[in-house]
Number of protein chains: 2
Amino acid sequence: MNIPKPIINILRGGVPRAARSSSSKPRIHPDAFQPWTAARRPVHSTSKNSAQAAAVHATEPALPDVPQSSNPQLAFPCLDNVEERTQKLSRRSMSGPEPSYTSGKHETFRSHEPILLDWGGVLPRFDIAYETWGTLNVDKSNAVLLHTGLSASSHAHSTEANPKPGWWEKFIGPGAPLDTNKYFVICTNVLGGCYGSTGPASLDPTSQQPYATSFPILTMHDMVRAQFRLLDNLGITQLYASVGCSMGGMQSLAAGVLDPHRIGRIVSVSGCARSHPYSIAMRHTQRQVLMSDPNWANTRGNYYDRLPPHQGMKLAREIATVTYRSGPEWEKRFGRQRADPSRPPALCPDFLIETYLDHAGEKWCLEYDANSLLYVSKAMDLFDLGKALQEATTERRRQNAGKLQGAMGQAEVPHDSCSLVLPDEPYEEQDSSEDIMASEKPGVAHLDSASEDLVKGMAPMRDTPTLVVGVASDILFPAFQQQEIAETLRKAGNRLVTHVEFGEDRSLFGHDTFLLDLDGVGGEIKKFLG
Amino acid sequence: MNIPKPIINILRGGVPRAARSSSSKPRIHPDAFQPWTAARRPVHSTSKNSAQAAAVHATEPALPDVPQSSNPQLAFPCLDNVEERTQKLSRRSMSGPEPSYTSGKHETFRSHEPILLDWGGVLPRFDIAYETWGTLNVDKSNAVLLHTGLSASSHAHSTEANPKPGWWEKFIGPGAPLDTNKYFVICTNVLGGCYGSTGPASLDPTSQQPYATSFPILTMHDMVRAQFRLLDNLGITQLYASVGCSMGGMQSLAAGVLDPHRIGRIVSVSGCARSHPYSIAMRHTQRQVLMSDPNWANTRGNYYDRLPPHQGMKLAREIATVTYRSGPEWEKRFGRQRADPSRPPALCPDFLIETYLDHAGEKWCLEYDANSLLYVSKAMDLFDLGKALQEATTERRRQNAGKLQGAMGQAEVPHDSCSLVLPDEPYEEQDSSEDIMASEKPGVAHLDSASEDLVKGMAPMRDTPTLVVGVASDILFPAFQQQEIAETLRKAGNRLVTHVEFGEDRSLFGHDTFLLDLDGVGGEIKKFLG
């Protein structure tokens, strides 16, 4: 799809300088700025009207100098900016095609066979976008499958077809950690994503409409199954290595459990063996904030022929960004600096850390499909390599196996109701008294019993050489989760586990270290792959 | 104000059982639930229409059994619930008075003198709501001023006038840590709050309208100044102790800096000497989410005669709740339990930790004024006891002193424009390469130089006996911030600092430990106060 460059800039959240004059003006002529005597801002009933009114408002003549309030009305350029974005997107969607997400040219594998998902959903067919670097050797034994983080595309490194730098540009190439002189590196966009693989924005062949929120719930294992289909198609029966960071670490381990004979070695950087409640909580708030955007809520996610939930996406990304970096790095980088100490404080972004978060959200809010975020984020919550869940899933898949036949002929389709699970009674807070302190002796009894389940669940990887890398300043996939992977594998009898933890003396970059620390993270991977 | 009880339940986020039938029904009759064959949900243009349509939708007859999508449409009872809340609030606001926030009966001190705030705002007059326990002795030397957390009222303990348990019920009373046999305990609602003290929801005497977002930016020091006005009125020239937890800890220290001779002892539990970037970031996301609620955004905070931003408040509280408790506690309490493991997963709350957050937000979303949250949260960000900021503030107050005369006669009022501060250029991410790793050697140089500023700033407290309590599992006011307070005071020459840190063996309750650990936190306070 060709989109003119200025439009792409707008899609990417950039606002032309001229359009930003209403917010930047006060910096130049403070005295010309809306004084305390100005009329109260008119009340708008809808966001669209509000944007129009705001535009008019900015050019209204100053009112006579009569005190109307004890103090000046605060200004909210951060909200004006949202309205500008809405206006621009409205104009665009009236005159052109809806946005599509792309990371540029890539290969596509299309499976015409249906795929049964872990929770009973069926995709009658699906695409997997992928890119490769290096050369597959004759016996097809040098393939490295690289798994991505939540929102990344297959574009891990530049290609001839797409020379844009990839998200792991320096980690891939001749002599790099994923050495293309030795390995044939494959990276895919995950199933459920929006960069060329089938996801909620794709057309459902049954309805000929975007799946939207009729897309089925999916899991890490489902994503890996789809990747295995691609490998089958490429004739690759064994991987030299399965490598992934963050969510990719989850997939890397899931591959090892799903088909241990297929995986030569495993690398998991800042991943986990199961999601823990804090990370579920952080992703929950992102999903809730996104689904509360009126553009999402009013359509229940069927926004594809309308305005996307751009503000919800921006907010979700801001929350996510808090979890990607660490307190110590921010202390050092931003401290308590305000963006402009000469101005009085504001309720809109004001401290440098706030403008950083604002920019991170702005940059991303039209770069990724909102429903992909919801489904992939949910799949991360559901990740647990424990034996109990694996057995339940096997049983569920057995019961649902018949659906595949139906889906092949598209005569029969699943009848599950995928619905919210809320208890009849709202969650009750425990008595906030010392009783809790007395009754709940801190300890790890619960964790220990779960660990046994995990040892059994990860036993299939007992013979697979595995590198586990963790970062002490990571709050999203904390170091204790990396220890859990390593210790569980060792308990399962694996004598080929390498566990590396980078302390705060090495990296203050938290979860994002895997994107930044070529020498550290890259060095360990290179050493491990040999 | 009298509100009938069912309305109060609705205001508190409770939804009568009958109204919840659409979401609870599937739990009883799974087969009756909207099948995959149902029509796509109609697209609604506004939230209000959406709510009405949703109500109709729930009673629509089932459509004929023709496959329309490959998989069933997900249900979103969490959004249905928001629409129900909106509908109920709409009916209420058409038929009755707007909501007011109250913690019950309390005393009110009214200052008829104007107050000049640190950033140049002026309140021509103001109220401070307060409650007291115990008896003021003859020489008025046994008063303990208790400062609150962000959203708490003056109701720290039950009174004759208001027998409802207070937020620190067990910490106050005969023989309790704040021993009413010995001390006269005073607790106030902060300036800027909504439980009886003057805040954004109060009428501006100039406009005779709620201040809303023409309320001036305020600081912790401003809140303490207002409290000192109350103490003056009560004839209390010296406090036996200034005690506070969380934001109250900030105020407790601010009191010590503002007027050291007035403060006999200081207790700060899980507070800080200056806000750090991670906590600013977490509060930033809460403010942004709240201000993006259309009920807030479309009125720019002037929502007092309309629907309050209840969903924005709910979301903000959910994010806040993540910061109030800790990962280890949740691991133990919720683990990876799903609310109903027999149901397929959902994008609405699903894991137990999600229903916990959802409930915390729901319970709170109509209990506190949105603008109070914004202003008080901002005041926390602005908190910094460093000397540089104190000097700048002193200079600013000197320049603005003339405004007080104006405000007394209400003839002259301030001319500052309180506006957003956004740089002309959006924030630029640093090059994400190993260059950063090389160029930014991790270290504490920046912190060290700031510490010197902090030592100078906190020097006024060098003779004040101070108890600093921290909790290792606190992520919002981490233990390192408690160490910072203690070490800074010691560096300033204070030999009367007691610093206690509760490890994870003692408390997994994170920031909320101060509300829960009567023996630990309460015990230390009791010992310290003597």
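Per an unreviewed UniProt entry, the recorded name for chain A is Serine O-acetyltransferase, and the organism is Friedmanniomyces simplex. Here is the UniProt Sequence similarities (unreviewed entry) comment for chain A, exactly as written: "Belongs to the AB hydrolase superfamily. MetX family."

The next subject is the packing of helix H7 (residues 277-292) of chain B against helix H12 (residues 370-381) of chain B. All names here are of chain B. Here H7 crosses H12 at 160°, and the two axes come no closer than 10 Å. Judged on the interaxial angle alone, H12 and H7 are roughly antiparallel. Considering how the two elements wind past one another, H7 and H12 form a crossing that is left-handed. Of H12, the residues touching H7 (which contributes Ile280, Arg283, Gln286, Arg287 and Leu290) are Ala370, Leu373, Leu374, Ser377, Met380 and Asp381.

If you look at the biggest cluster of nonpolar residues, it comprises 271 residues, and the most contacted ones within it are Val144 and Val185 of chain A together with Val144 and Val185 of chain B. If near-sequence neighbours (up to four positions away) are discounted, Val185 of chain B is found in contact with Thr132, Trp133, Gly134, Val144, Leu146, Ile172, Leu178 and Thr180 of chain B.

This part takes up the domain arrangement of chain A. All names here are of chain A. Examined at the domain level, chain A breaks down into domain 1 (107-274 + 455-529) and domain 2 (279-381). Every contact between the two is made by 28 residues of domain 1 and, on the other side, 24 residues of domain 2. Its residues assigned to classes, the side of domain 1 that touches domain 2 comprises 17 nonpolar, nine polar and two charged.

This part is about helix H7 (residues 277-292) of chain A. Helix length check: H7 of chain A (16 residues) gives 22 Å between terminal C-alpha atoms against 22 Å at 1.5 Å per residue, within 8%. Within H7 of chain A, 15 of the 16 residues are buried, which leaves it mostly tucked inside the rest of the structure.

This paragraph deals with the environment of Arg262 of chain B. Residues and elements named next belong to chain B. You can see Arg262 is positioned in the loop between helix H6 (247-258) and strand S12 (266-269). Spatially, the C-alpha atom of Arg262 lies 24 Å from that of Leu123, the residues being 139 residues apart in sequence. Setting aside residues up to four positions removed in sequence, Arg262 forms contacts with Thr237, Gln238 and Leu239.

Residue and element names in this part refer to chain B. Strand order in this open sheet of eight strands is S1-S4-S8-S5-S11-S12-S13-S14, and the pairing throughout is mixed. Whereas interior strands pair on both sides, the edge strands pair on one side only; in this sheet they are strand S1 (107-111) and strand S14 (497-502). Across the sheet, the axes of successive neighbouring strands diverge by a mean angle of 20°, strand direction being ignored. Judged from the four bridges that link them, strand S5 (residues 143-147) and strand S11 (residues 241-245) form a sheet pairing that is parallel. Residue pairing in the sheet places His147 in a bridge with Gly244 of S11. H6 rests against S5, S11 and S12 of the sheet, and its axis sits at about 150° to S11. On the sheet, helix H19 (residues 518-529) packs against S11, S12, strand S13 (466-471) and S14 and is oriented at approximately 170° with respect to S13.

The residue Ser270 of chain A is not glycine, and still its phi comes out positive at about 50°. Of note, Ser270 of chain A is situated in the loop between strand S10 (266-269) and H7.

Looking now at the sheet that holds S10 of chain A. Residue and element names in this part refer to chain A. Read from one edge to the other, the open sheet built from eight strands follows the order S1-S4-S8-S5-S9-S10-S11-S12, with strand pairing classed as mixed. Strands with a single pairing partner mark the edges of an open sheet, and in this sheet they are strand S1 (107-111) and strand S12 (497-502). Averaged over all adjacent pairs, the angle separating strand axes in this sheet is 20°, with direction ignored. Here S10 runs beside strand S11 (residues 466-471); their pairing, made up of four bridges, is parallel. Its bridge partner being in S11, Ile266 is matched across the sheet by Thr466. Those strands touched by helix H6 (residues 247-258) are strand S5 (143-147), strand S9 (241-245) and S10, and its axis lies near 150° from that of S9. Packing against the sheet, helix H17 (residues 479-491) makes contact with S10, S11 and S12, and its axis sits at approximately 160° to S11.

With that settled, consider the pairing of strand S4 (residues 126-133) of chain B. All names here are of chain B. Along S4, seven of the eight residues are buried, which leaves the element largely enclosed by surrounding structure. Where S1 meets S4, five bridges bridge the pair, whose relative direction is antiparallel. In the strand pairing of S4, Phe109 is matched with Ile128. Where S4 lies against strand S8 (residues 184-188), four bridges are found, and the strand directions are antiparallel. Pairing of Trp133 across the sheet is with Val185, part of S8.

Examined against the element boundaries, Gln288 of chain A turns out to sit in helix H7. Overall, the presence of 28 C-beta atoms within 10 Å leaves Gln288 of chain A in the buried class. When the C-alpha positions of Gln288 of chain A and Leu374 of chain A are compared, they lie 9.4 Å apart, and in sequence the two are 86 residues distant. With near-sequence residues (within four places) excluded, Gln288 of chain A lies in contact with Leu315 and Glu318 of chain B.

Calculation rules
Residues numbered from 1 in each chain as written. Chains lettered and ligands numbered in written order. Predicted model: local features only at pLDDT ≥ 70, side-chain atom pairs only at ≥ 80, totals over all residues. UniProt positions renumbered as here; feature names shortened; annotations may be inferred. Axes fitted to C-alpha atoms, helices over the stretch in contact; angles between N-to-C directions. Helix = DSSP H or I, 4+ residues; strand = E, 2+ residues; numbered from the N terminus. Parallel < 35°, antiparallel > 145°, perpendicular 65-115°, else oblique. Left-handed = near helix turned anticlockwise from the far one by under 90°. Contact = placed C-beta atoms within 7 Å. Core = buried A, V, L, I, M, F, W, Y, C linked by C-beta atoms within 7 Å. Buried ≥ 20, exposed ≤ 12 C-beta atoms within 10 Å, placed from the backbone. Domains from an automatic or database assignment. Nonpolar A, V, L, I, M, F, W, Y, C, P; charged D, E, K, R; others polar. Expected span 1.5 Å × (residues − 1). Pairing = 2+ DSSP bridges.

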